[in-house]
Structure formats: C-alpha cells, structure tokens
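Here's the letter readout for the chains.
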Amino acid sequence: MSAVDGVTVGTWTSPDAVSGCTVVLPPPGTVGAIAVRGSAPGTREAAALGPAGKVEVCHAVVLAGGSAYGLAAADGVMRWLEERGVGHPVRTGVVPIVGAAIVLDAAVGMPGQRPGPAAGYAACDAARPGDVAEGTIGAGTGCTVAKVGGIEHGWRSGQGVATRRADGVTVWAVVANNALGEVFSADGTPLATSRADVGAPRYPYVDASVIAGGGPAPGENTVIGCVVTDARLDRRAAHRVADLAHTGIARSVRPAHTEFDGDALFCLATGTVETRVDLVAELATDAVAEAVRRGPLTAAAGGGLPALGDRDRHV
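All values reported here derive from a predicted model rather than from experimental measurement.

## Quick notes on the packing of helix α5 (residues 235-252) against helix α6 (residues 277-297)
The description of two packed helices rests on the angle between their axes and on the distance between the axes.
No. 1: In contact at an axis separation of 7 Å, α5 and α6 are set at 40 degrees when each is read in the N-to-C sense. Taken together, the axes of α5 and α6 lie oblique to each other. Note that α5 runs across α6; the crossing there is right-handed. Touching Ala237, Arg240, Val241, Leu244, Ala245, Thr247, Gly248, Ile249, Arg251 and Ser252 of α5 are Val277, Asp278, Val280, Ala281, Ala284, Thr285, Asp286, Val288, Ala289, Val292 and Arg293, all from α6.
No. 2: Across the contact of α5 with α6, the residue classes tally to twelve nonpolar, four polar and five charged.

Shown next, in the form of structure tokens:
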C-alpha cells in the first residue's frame, strides 16, 4: 500500500500489456525533488525539481514506459489536476507541477501501446489509497532486468513497492525496475542474473552488429521510482533523500548507474512529521532496495523472457 496518509496511486496498462504508466498523487503542499544518475535519463521537470531549481511543491509524479514518448502521459495528468484546480497559482489559473521519468520498453516501436495523455488521465482516475499493485502492471509492464549478457538472456521485471517505518516516520517507495544490471538480495544472494553461458561477453551491445540484429541499444535500461514520506522536509532535504535513495539501487543492482541506464528517483514529502533527514534517507534507501527487488520477484513471464516464478525451468 502507499502507506503515507493522503497519497493515492493509480496505474494504466496498455491494451496488449507491453507498457504502462503509474501516477503518484500527493496531498496539497507536498514538497518534491528529483535526483538523476546514469547517462541515459528521460525526465520531465528535472531542472525545476533538481538542486538548482526554484520549484518546491510537486503536484504529481508520473513513471511511464514508452521512452520519451511516454513523457506525454504527464500532459493528461496536468489536465486532470487543472480540472480540479490543483497547481501553482498564476494570474489566469493554475499550472500543475508534474514530474515524470520513463523507461524504454517495447511500446517505443508500437505507437498504439505508448502511454500518452489519455493514459495519464486514466491513471489519475484510477488512483486510490491503499494497496498498490506490483509486477507486470503500470510503469513496470514492459520492464526487463539482468541484460548485461544481452536482453535475450535476461528476465522479466516489473513494478515493486516497499515501506519502511522508524521513530514515527513512514517512507514508501514505488519502483519500475528496467535495469541493465543483475538483481541481488540483501545478503548478496543472486535473484535475477544473466542466463548467458559462463564466460559469455558482457555488454554485447557495444557491437553495432548486435544492435542491428535486434539486441538492446544503449539506453534500453533504467530504474525509475518515487519515494514518498510523511516527514517534514524542505526542498534541499528532499533532494538529499532522493539522491541518497539511489544507494538502494546500488545495493540491489550490479552494476548500477551505468552509461546504459538513466536511473531517476523522486522524493515527495507531505510534511506531517518532524524528523531528521538522515533517518528519512536511511529508510528510503532500504525501501528502494526492496522495491527494486520486488519488480522481478512479482513479474510475469512474457515477451520471450522467463519470470523468477518459473526460474527452475531456466537455470
């Protein structure tokens, strides 16, 4: 569940279940920030919500498939919020601040499956408090992991969620795990590792012939997510939490933050609990690490790739 009071989450999944989007809607006055790592990001409002930006309040966060096309889902979210009078007040109305991040999935080559404005709007309509679905749904629909030996040797992944609490503070995370790297448990046990033969080349897509033959190109990977907390944080502290929460990706994905990933994490702080920023960052790191792992753990097989639920037949 979203676990933080006043926060609702909705998803939209494409007709053929190859892509989707997930929308996080916080209560009024929520402070927002983003931290981006890796070299292949696709984001919206990253400058405004970044460390040098002026914007404090964030009205929604969108996680989507479809690569840069999927950023259009935020247009539908803006329209949904505007219709309800939610946004930064200006002389002629309101301007909703909607942060967004995307992964590259099969929807890029399937225009009818890409999340667009209608998908973002529908995800807002579907937003509810309580349990948030995991696995092959929303932004996690087209995700894959463990592609260091080529995507054909990887695993299906998806959307994962996790919650951490301590000293009266709650931190919740939702992550769409489309990492290049392999996924490991907290104790270092492999969860989803490349199924390529031992000794097979890693990073094979540096070879143009592999890309031409249908192998993954640089950028077809990325972990994106949103950390939500009831802590009272200013924008600087929210950015620090988003930045340090990337440690959770590094704990669960190897390698993490590569030149082929565009990892991006948002932080939303609703501001009801006084606490220390370092505690929030610690909880966020743990929540992100678990949510990253739950993506492949809850995914369904598809697209020619197995899921961890049927790994005994493939390892």
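## Focus on the pattern of salt bridges
No. 1: Scanning the entire structure with this criterion turns up eleven salt bridges.
No. 2: Glu83 is paired through a salt bridge with Arg79; the nearest N and O atoms lie 3.3 Å apart. Separated by four residues within a single helix, Glu83 and Arg79 lie in helix α2 (residues 73-83), roughly one turn from each other.
No. 3: The structure contains a network of salt bridges with shared partners spanning Arg79, Glu83, Arg84 and Asp125.

## Section: the sheet that holds strand β16 (residues 253-254)
In sheet architecture, strand pairing relies on hydrogen bonds along the backbone and comes in two forms, parallel and antiparallel.
No. 1: Ordered in space as β14-β13-β16, the three strands form an open sheet in which the pairing is antiparallel. Unpaired on one side and paired on the other, β14 (190-192) and β16 mark the two borders of the sheet.
No. 2: With two bridges joining them, strand β13 (residues 182-184) and β16 adopt antiparallel strand pairing. Looking across to β16, one finds that Val183 is bridged to Val253.
No. 3: The sheet strands contacting α6 are β13, β14 and β16, and the helix crosses β13 at an angle near 115 degrees.

## Describing α6
No. 1: Here α6 is 21 residues long and its end C-alpha atoms lie 30 Å apart, about the 30 Å a rise of 1.5 Å per residue gives.
No. 2: Burial analysis of α6 places 15 of its 21 residues in the buried class, the great majority of the element.

## Considerations on the environment of Gly53
No. 1: Within the fold, Gly53 resides in the loop between α1 (46-49) and β5 (60-64).
No. 2: Along the chain, Gly53 and Arg235 lie 182 residues apart, while their C-alpha atoms are 9.3 Å from each other.

## As for the side chain of Arg44
No. 1: With respect to the helices and strands, the residue Arg44 is situated in strand β4 (residues 43-44).
No. 2: Given the relative accessible area of 19%, Arg44 is considered buried.
No. 3: Reaching out from Arg44, the side chain makes a polar contact with the side chain of Asp75 at a distance of 2.8 Å.

## Observations regarding the pairing of strand β12 (residues 169-178)
No. 1: Across the ten residues of β12, ten count as buried, placing the element largely inside the fold.
No. 2: Here β12 shows two buried faces, one formed by Val169, Val171, Ala173, Val175 and Asn177 and the other by Thr170, Trp172, Val174, Ala176 and Asn178.
No. 3: Sheet analysis places strand β11 (residues 159-166) next to β12, joined by eight bridges and oriented antiparallel. Its bridge partner lying in β12, Val161 is registered against Val174.
No. 4: Hairpin connection, β11 to β12: the antiparallel pair is bridged by two residues, and Asp167 has positive phi, about 55 degrees.
No. 5: Where β12 meets strand β15 (residues 222-231), eight bridges bridge the pair, whose relative direction is antiparallel. For Asn177, the partnering residue across the bridge sits in β15 and is Val223.

Procedures and definitions
Residue positions within a chain follow its written sequence, with the count starting from 1. Side-chain atom pairs in this predicted model are given and counted only at pLDDT of 80 or more, local residue features only at pLDDT of at least 70, and totals for whole chains, interfaces and linings cover all residues. No hydrogens and no water enter the side-chain calculation; it runs on all heavy atoms of the structure. Each axis is a line fitted through C-alpha atoms, and for a helix only the stretch in contact is used; angles between axes span 0 to 180 degrees, taken between their N-to-C directions. Under the scheme used here, helices are H or I runs from DSSP no shorter than 4 residues and strands are E runs no shorter than 2 residues, and both carry numbers assigned from the N terminus. Any angle between 65 and 115 degrees counts as roughly perpendicular, while under 35 counts as roughly parallel, over 145 as roughly antiparallel, and the rest as oblique. Note on convention: near helix rotated counterclockwise from far helix by under a right angle means a left-handed crossing. Clockwise means right-handed. We call two residues in contact whenever any of their non-hydrogen atoms come within 4.5 Å of each other. Classes in brief: Ala, Val, Leu, Ile, Met, Phe, Trp, Tyr, Cys and Pro nonpolar; Asp, Glu, Lys and Arg charged; the others, Gly included, polar. By salt bridge we mean one thing: a side-chain nitrogen of Lys or Arg within 4 Å of a carboxyl oxygen of Asp or Glu. When DSSP finds at least two bridges between two strands, those strands are taken to pair. To estimate how far a helix should extend, the number of its residues minus one is multiplied by 1.5 Å. Using a 1.4 Å probe on the protein chains alone, a residue whose accessible area is under 20% of its type maximum counts as buried, one over 50% counts as exposed, and one in between counts as partly exposed. Between N or O atoms, a polar contact is any pair within 3.5 Å; within protein, one atom must be a potential hydrogen donor and the other a potential acceptor, and residues adjacent in sequence are included only when both atoms are from side chains.

Purely spatial values, then, with no claim about function.
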